[in-house]
Amino acid sequence: MFNNVTFGQYYPSDSFVHKLDPRIKLLVVFAYIVVIFFVSSPIGYALAIAFLLGAISFSKIPIKMMLKSIKPLWIILIITFIINVFFTKTGTVLCEWWIFTITKEGIIQAVYMSLRLIMLIMFSSLLTLTTSPVSLTDAIESLLSPLAKIKFPAHEIAMMMSIALRFIPTLIEETDKIMKAQTARGASFDTGNVFQRAKSMIPLLIPLFVSSFRRADDLALAMEARCYRGGEGRTRMKELKYTKADVLVLVLAAVYFAGMILANLIPISI
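Model, not experiment: these values are computed from the prediction.

Glancing now at the packing of helix α2 (residues 22-36) against helix α7 (residues 133-144). Direction vectors running N to C along α2 and α7 enclose 70°, while the axes themselves pass 8 Å from each other. Here α7 runs roughly perpendicular to α2, going by the angle between their axes. Contacts between α2 and α7 pair P22, R23, L26 and L27 from the former with S135, L136, A139, I140, S142 and L143 from the latter. Along the lines of polarity and charge, the residues of the contact of α2 with α7 split into 7 nonpolar, 2 polar and 1 charged.

Here the focus is the packing of helix α3 (residues 42-59) against helix α11 (residues 244-262). For any two helices packed against each other, one specifies the crossing angle of their axes together with the interaxial distance. Contact pair α3 / α11: the axes reach a minimum separation of 9 Å and the direction vectors enclose 150°. Taken together, the axes of α3 and α11 are roughly antiparallel relative to one another. Between α3 and α11, the contacting residues are G44, L47, A48, A50 and F51 on the first element and A253, Y256, F257, G259 and M260 on the second. Broken down by class, the residue content of the contact of α3 with α11 amounts to 8 nonpolar, 2 polar and no charged.

Moving on, we get to the side chain of D21. Along the chain, the position of D21 falls in the loop between α1 (16-19) and α2. Non-local contacts of D21, meaning those with residues more than four positions away in its chain, are made with L240, K241, Y242 and D246.

In this model, helix α5 (residues 74-87) (14 residues) spans 20 Å end to end at C-alpha, consistent with the 20 Å of a helix rising 1.5 Å per residue. By the burial criterion, the buried members of α5 are L77, T80, N84 and V85. Taken end-on, α5 shows its buried residues confined to a sector of 125°, consistent with a single buried face. The inward-facing, buried residues of α5 contact β2 (100-103) and α6 (104-130).

The predicted model of the protein averages 81 in pLDDT, with 90% of residues at 70 or higher. Across the protein, the element-wise mean pLDDT spans from 71 in helix α9 (residues 194-200) up to 93 in α2.

The next point concerns the pattern of salt bridges. Summed over the entire model, instances satisfying the criterion amount to 5 salt bridges. With its nearest N and O atoms 3.5 Å apart, the salt bridge here joins K180 to D176. Note that K180 and D176 are positioned in helix α8 (residues 154-184) at a spacing of 4 residues, about one turn of the helix. Of the residues examined, D176 reaches a relative accessible area of 18% and is grouped as buried.

The next subject is unusual backbone geometry. Negative phi is the rule for most residues except glycine; trans is the rule for most peptide bonds. Backbone geometry at K60 places phi at a positive 60°, although glycine is not the residue there. Mapped onto the elements, K60 comes out in the loop between α3 and α4 (63-68).

The next point concerns the packing of aromatic side chains. Evaluation of the coordinates by the stated rule reveals 8 aromatic pairs. Note on Y32 and F123: the rings are 4.2 Å apart at their centroids and 20° apart in plane angle, and the pair reads as stacked. Placement of the pair is Y32 in helix α2 and F123 in helix α6, with a sequence separation of 91 residues. Assessed through its relative accessible area of 4%, F123 is described here as buried. For the pair Y32 and F257, a centre-to-centre distance of 6.0 Å together with 55° between the ring planes defines the contact as tilted. Pair noted here: Y32 is in helix α2 and F257 is in helix α11, with a separation of 225 residues, a long-range link. A single burial state applies to Y32 and to F257, both of which are buried. Through successive ring pairs, a cluster of aromatic residues spans Y32, F51, F123, Y256 and F257. The ring of Y242 has R23 sitting right over it, with the charged end atom 3.9 Å from the ring centre.

With that out of the way, let us pick up a nonpolar patch on the surface. A grouping of W74, I75, I78, I79, F81, I82, I83, F87, L94, I107 and V111 is seen on the molecular surface, where their side chains present a nonpolar patch of about 1000 Å² in accessible area. The set of elements that each furnish at least two residues to the nonpolar patch consists of α5 and α6. Of the residues forming the nonpolar patch, the biggest block, 8 residues, is contributed by α5. Residue position: I107 is located in helix α6. With a relative accessible area of 32%, I107 lands in the partly exposed category.

Cut-offs used in this document
- Residues numbered from 1 in each chain as written.
- Predicted model: local features only at pLDDT ≥ 70, side-chain atom pairs only at ≥ 80, totals over all residues.
- Heavy atoms only, no water.
- Axes fitted to C-alpha atoms, helices over the stretch in contact; angles between N-to-C directions.
- Helix = DSSP H or I, 4+ residues; strand = E, 2+ residues; numbered from the N terminus.
- Parallel < 35°, antiparallel > 145°, perpendicular 65-115°, else oblique.
- Contact = heavy atoms within 4.5 Å.
- Nonpolar A, V, L, I, M, F, W, Y, C, P; charged D, E, K, R; others polar.
- Expected span 1.5 Å × (residues − 1).
- Buried < 20%, exposed > 50% of the residue type's maximum accessible area, 1.4 Å probe, protein only.
- Arc of directions from axis to C-beta.
- pLDDT = per-residue confidence, 0-100.
- Salt bridge = Lys/Arg side-chain N within 4 Å of Asp/Glu carboxyl O.
- Phe/Tyr/Trp six-rings, centres within 6.5 Å; stacked < 30°, edge-to-face > 60°.
- Lys NZ or Arg CZ within 6 Å of the ring centre and 35° of its normal.
- Patch = residues over 30% accessible without salt bridge, like charges linked within 9 Å, V, L, I, M, F, W, Y side chains within 5 Å.
- Areas by Shrake-Rupley, 256 points an atom, 1.4 Å probe, with all protein chains shown as cover.

Here it is as structure tokens:
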């Protein structure tokens, strides 16, 4: 299970997407996530899927690695699908039993919502797979820098977010090691009722929290030992600079996203 988590990992490559300015990638990802929640037509979803597949193709990320990002969340996807199917009461009734009613619109809504979550997860994973933690920190800080005029801690926020993303794979690996160690000692995490399973997680959570706090303390000491101060006056080895390719990608993405929203105006019956 834990080997399937790709969010927070970086996949080194020399692809077109890897070479893009991280600020452009952040803006495109944010705009894509917002736009897919406004899409409500089959054409719009087809365009959204095509954009995602195109981005994956240009990034040279193996499709198997992208599909791994969905595996840990399949339970959430199934629950979301079931809730939308059984709790959407409007529309043409296809089946009715006891308090449950399945409608045509409910199935359509369930499919749309599941697609939204899948695209959101995969596109967010694509950002971390094609952007190093250092570049992501610089991009977030640069985009939030205008808020510094109102004393907003842009650098601190960017640093916390990048550290959190960086240590997601580390914590997952640590959790996997602790589970294997506890299993070797006779612990069972997949048997019994809900309460028994929740109780069995205590021997897993306590050492994980202790390890996390110890790792955070070591990181703080390491940063202090290297005289890290951050914020004002901080220099960078590589300064972020926009290129013609970055501007072109941003303009094309904006036009494409506008087309996705305008596709809602095209009447198509399912």
